[in-house]
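Residues per chain are reported as follows:
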Amino acid sequence: MRYLPLSDSDRGEMLARIGVNHVDELFADVPKNLLLKEPVDLPRRKGELEVERILSRMSAKNMSASSVPFFVGAGAYKHHVPATVDHLIQRSEFLTSYTPYQPEIAQGTLQYLFEFQTQVAALTGMDVANASMYDGSTGTGEAVLMAHRVTKRRKAVLSGGLHPHYTDVVKTLSDMASDETIILAPDVSGTEDILSQIDDTTSCVVVQSPDVFGHVRDLKPIADKAHKHGALLIAVFTEVVSLGLLKSPGSQGADIVVGEGQSIGNALNFGGPYVGLFATQSKYIRQMPGRLCGETVDADGNRGFVLTLSTREQHIRRDKATSNICTNSGLCSLAFTIHMTLLGEKGLTRLARINHANAVKLADQLGTVKGVEVLNETFFNEFTVKLAKPAAEIVERLAGKGVLAGVPVSRLMPGAGLDNLLLVASTEVNTDDDRAALCAALKEVL
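Residues numbered from 1 in each chain as written. Predicted model: local features only at pLDDT ≥ 70, side-chain atom pairs only at ≥ 80, totals over all residues. Heavy atoms only, no water.

Brief notes about a nonpolar patch on the surface
- Residues I18, V23, L26, F27, V30, L34 and L35 make up a contiguous nonpolar surface patch of roughly 620 Å² in combined accessible area.
- Looking at the secondary structure, you find I18 in helix α1 (residues 8-18). (Patch = residues over 30% accessible without salt bridge, like charges linked within 9 Å, V, L, I, M, F, W, Y side chains within 5 Å. Areas by Shrake-Rupley, 256 points an atom, 1.4 Å probe, with all protein chains shown as cover. Salt bridge = Lys/Arg side-chain N within 4 Å of Asp/Glu carboxyl O. Helix = DSSP H or I, 4+ residues; strand = E, 2+ residues; numbered from the N terminus.)

Some thoughts on unusual backbone geometry
- Here S209 and P210 are connected by a cis peptide whose omega angle stands at -10 degrees.
- Residue placement: P210 occurs in the loop between β4 (204-208) and α8 (220-228).
- Residue P273 follows G272 across a cis peptide bond; omega there is 5 degrees.
- Topologically, P273 is positioned in the loop between β6 (256-260) and β7 (276-280).
- Here S178, not a glycine, exhibits a phi torsion of approximately 60 degrees, which is positive.
- Considering the arrangement of structural elements, one finds S178 in the loop between α7 (164-176) and β3 (180-183).
- What makes S178 exposed here is its relative accessible area of 63%.
- Not every positive phi belongs to a glycine, and F270 is a case in point at roughly 55 degrees. (Buried < 20%, exposed > 50% of the residue type's maximum accessible area, 1.4 Å probe, protein only.)

Examining the domain arrangement of the protein
- If you check the domain split of the protein, you get domain 1 (83-340) and domain 2 (344-445).
- With 19 residues of domain 1 at the interface, the matching set in domain 2 holds 23 residues.
- Interface area lost by domain 1 to domain 2 is led by F213, V241 and L245, which between them contribute 30%.
- At the junction of domain 1 and domain 2, the tally comes to zero salt bridges.
- Taken together, the links from domain 1 to domain 2 amount to six residue pairs in polar contact (both at pLDDT 80 or more).
- For the side of domain 1 that touches domain 2, a count of residues per class yields twelve nonpolar, six polar and one charged. (Domains from an automatic or database assignment. Contact = heavy atoms within 4.5 Å. Buried area = accessible area lost by both parts, 1.4 Å probe. Polar contact = N/O pair within 3.5 Å; in protein donor to acceptor, adjacent residues only side chain to side chain. Nonpolar A, V, L, I, M, F, W, Y, C, P; charged D, E, K, R; others polar.)

Describing the sheet that holds strand β12 (residues 407-408)
- Taken in spatial order, the four strands line up as β10-β11-β13-β12 in an open sheet, and their pairing is antiparallel. Where the open sheet ends on each side, the last strands, each with one partner, are β10 (372-374) and β12.
- Note that β12 and strand β13 (residues 421-425) share two bridges and pair antiparallel. Bridge pairing links V407 to L423 in β13.
- Most of the contacts of helix α9 (residues 330-366) go to strand β11 (residues 382-387), to which it runs at about 10 degrees, and overall it touches β10, β11 and β13. (Pairing = 2+ DSSP bridges. Axes fitted to C-alpha atoms, helices over the stretch in contact; angles between N-to-C directions.)

Considerations on the pairing of strand β2 (residues 155-158)
- Burial along β2 is two-sided: the residues K155 and V157 and A156 and L158 are all buried.
- Alignment of β2 against β3, held across four bridges, turns out to be parallel. Counted as the bridge partner of A156 is T181 from β3.
- Chirality of the crossover, the property in question, places the unit of β2, α7 and β3 among those that are right-handed. (Right-handed = clockwise from strand over helix to strand, strands pointing away.)

Things to note about the packing of aromatic side chains
- Inspection of every chain in the model, using the stated rule, returns four aromatic pairs.
- Taking 5.8 Å as the distance between ring centres and 80 degrees as the angle between the ring planes, the aromatic pair formed by F94 and Y112 counts as edge-to-face. In this pair, F94 is assigned in helix α4 (residues 92-95) and Y112 in helix α5 (residues 107-124), connecting sequence segments 18 residues apart.
- Given the relative accessible area of 11%, Y112 is considered buried. (Phe/Tyr/Trp six-rings, centres within 6.5 Å; stacked < 30°, edge-to-face > 60°.)

Re the environment of L309
- Mapped onto the elements of the fold, L309 is located in strand β9 (residues 303-310).
- Judged by relative accessible area, which is 13%, L309 ranks as buried.
- Placed 24 residues apart in sequence, L309 and I285 show a C-alpha to C-alpha distance of 8.9 Å.
- Residues in contact with L309, not counting those within four places in the same chain, are I285, R286, G290, R291 and L292.

Details of helix α12 (residues 432-445)
- In this model α12 runs 20 Å from its N-terminal to its C-terminal C-alpha over 14 residues, within 8% of the 20 Å that 1.5 Å per residue would give.
- Listed in full, the buried residues belonging to α12 are D434, R435, L438, C439, A441, L442 and V445. Burial along α12 is one-sided: seen end-on, the buried residues are contained in an arc of 165 degrees. Seen from the buried face of α12, the exposed residues on the opposite side, beyond 90 degrees, are D433, K443 and E444.
- On its buried face, α12 sits against α9, β10, α10 (391-400) and β13. (Expected span 1.5 Å × (residues − 1). Arc of directions from axis to C-beta.)

Concerning the nonpolar core
- Of all hydrophobic cores here, the largest spans 36 residues; its most connected members are V205, L233, V240, L277 and F336.
- If you list the elements that add at least two residues to this core, you get α5, β4, α8, β5 (232-237), β7 and α9.
- A total of six residues in this core trace back to one element, the largest contributor, which is α9.
- When residues are assigned to domains, this core turns out to be shared by domain 1 (83-340) and domain 2 (344-445), each giving three or more.
- Those residues in contact with V205 that sit more than four places away from it in its chain are V157, I194, I198, I222, A226, L232, L233 and I234.
- Ranked by size, the runner-up nonpolar core spans 24 residues in total, among them F71, V385, C439 and A441. (Core = buried A, V, L, I, M, F, W, Y, C linked by side-chain atoms within 4.5 Å.)

See the structure below:
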């Protein structure tokens with residue numbers, strides 16, 4: 001933990017240097033009603049040992065994902081990450097190095113980024129992938145901005161099956177640029193009429209599959225309608241393991257594919273950091289945000305790697321940049337690449353089959369519990385159930401019984417009138433005992 005031992009004299013010297021009289025003047029742009037009137041209620045100082053004890057007691061209040069039967073998903077999933085992944089990413093040359101500003105000097109970094117891009121392109125069925133984004137949600141926002149650049153239009157149609165956090169990111173970016181967003185109502189049944197929203201003014205259609213309610217969507221008709229009107233299809237996923245079993249978005253006509261890569265190589269980590277995957281067709285490559293590593297040969301004919309394309313504002317004029325995202329998720333993308341390499345194509349397919357099989361088992365068992373109705377006809381490893389009581393209340397009661405049952409839809413979509421709906425995920429880490437514990441606990445509280 002960083003400690004800055006500054007004296008009043010030090011602070012006075014710094015304030016004088018920047019031309020202000022008091023530190024409060026630095027917060028002049030923050031609305032006064034949002035500023036605290038007094039310091040937060042914390043001790044002014046504690047010894048390191050005391051701080052460690054206090055924080056340990058606070059962290060012990062958390063119920064970790066590995067300690068109980070765990071069925072939480074909704075965009076971040078608990079998977080087994082082989083010990084090899086952590087061992088390799090903690091090697092000093094990977095853990096401490098950043099992509100240098102003369103990148104060709106770090107051939108190892110460029111090689112793993114090249115291999116990461118290759119894996120992402122193969123998974124998504126696209127021509128090219130970049131060296132990663134921050135996460136799936138910000139990647140989706142960048143995808144919409146890219147579609148606007150390609151089509152020279154400024155209207156995006158967002159499916160009601162898109163994760164609400166992703167929708168919020170797109171809307172925030174669009175509002176700042178005065179771009180139009182058409183946001184469809186929550187699509188609980190997976191039957192929305194998104195085709196009727198596409199016209200000659202549409203820049204892009206953003207559709208998630210499997211969607212936030214778990215439905216597997218057929219993207220081909222949406223791609224066909226979008227292309228008929230000169231618009232692009234942006235295909236989104238939050239569970240990358242699903243690509244081991246489902247048709248790739250590229251094979252269904254997607255123009256841009258973007259999503260969250262956390263499930264491969266990266267643990268939940270209490271919310272991050274994660275890794276955004278971004279792929280597109282080669283004809284759009286110069287409008288793709290982020291950076292792209294390529295393979296070449298040196299003057300002696302030896303294999304080498306280079307930073308082929310970098311359209312961020314640090315490398316070119318700001319008004320010519322495609323994105324102000326100034327880095328990639330380097331260590332997370334390395335973890336992804338190592339895990340994918342360990343799995344291979346057959347391993348990923350097997351992992352995806354186990355996930356789906358476990359989710360089917362869970363759906364079948366929950367369907368026998370009085371007061372539980374499974375709403376999905378199709379799903380991968382996550383689906384929606386309707387409970388006889390508000391889901392948020394049930395989740396809290398089950399947590400008290402040592403079961404983390406899922407994510408109440410009301411938490412993601414407050415005020416949408418979907419209070420009794422619960423998102424439930426089951427991956428390869430769930431056992432028969434876990435599923436039995438969830439069903440038994442539900443029988444007690446419903």
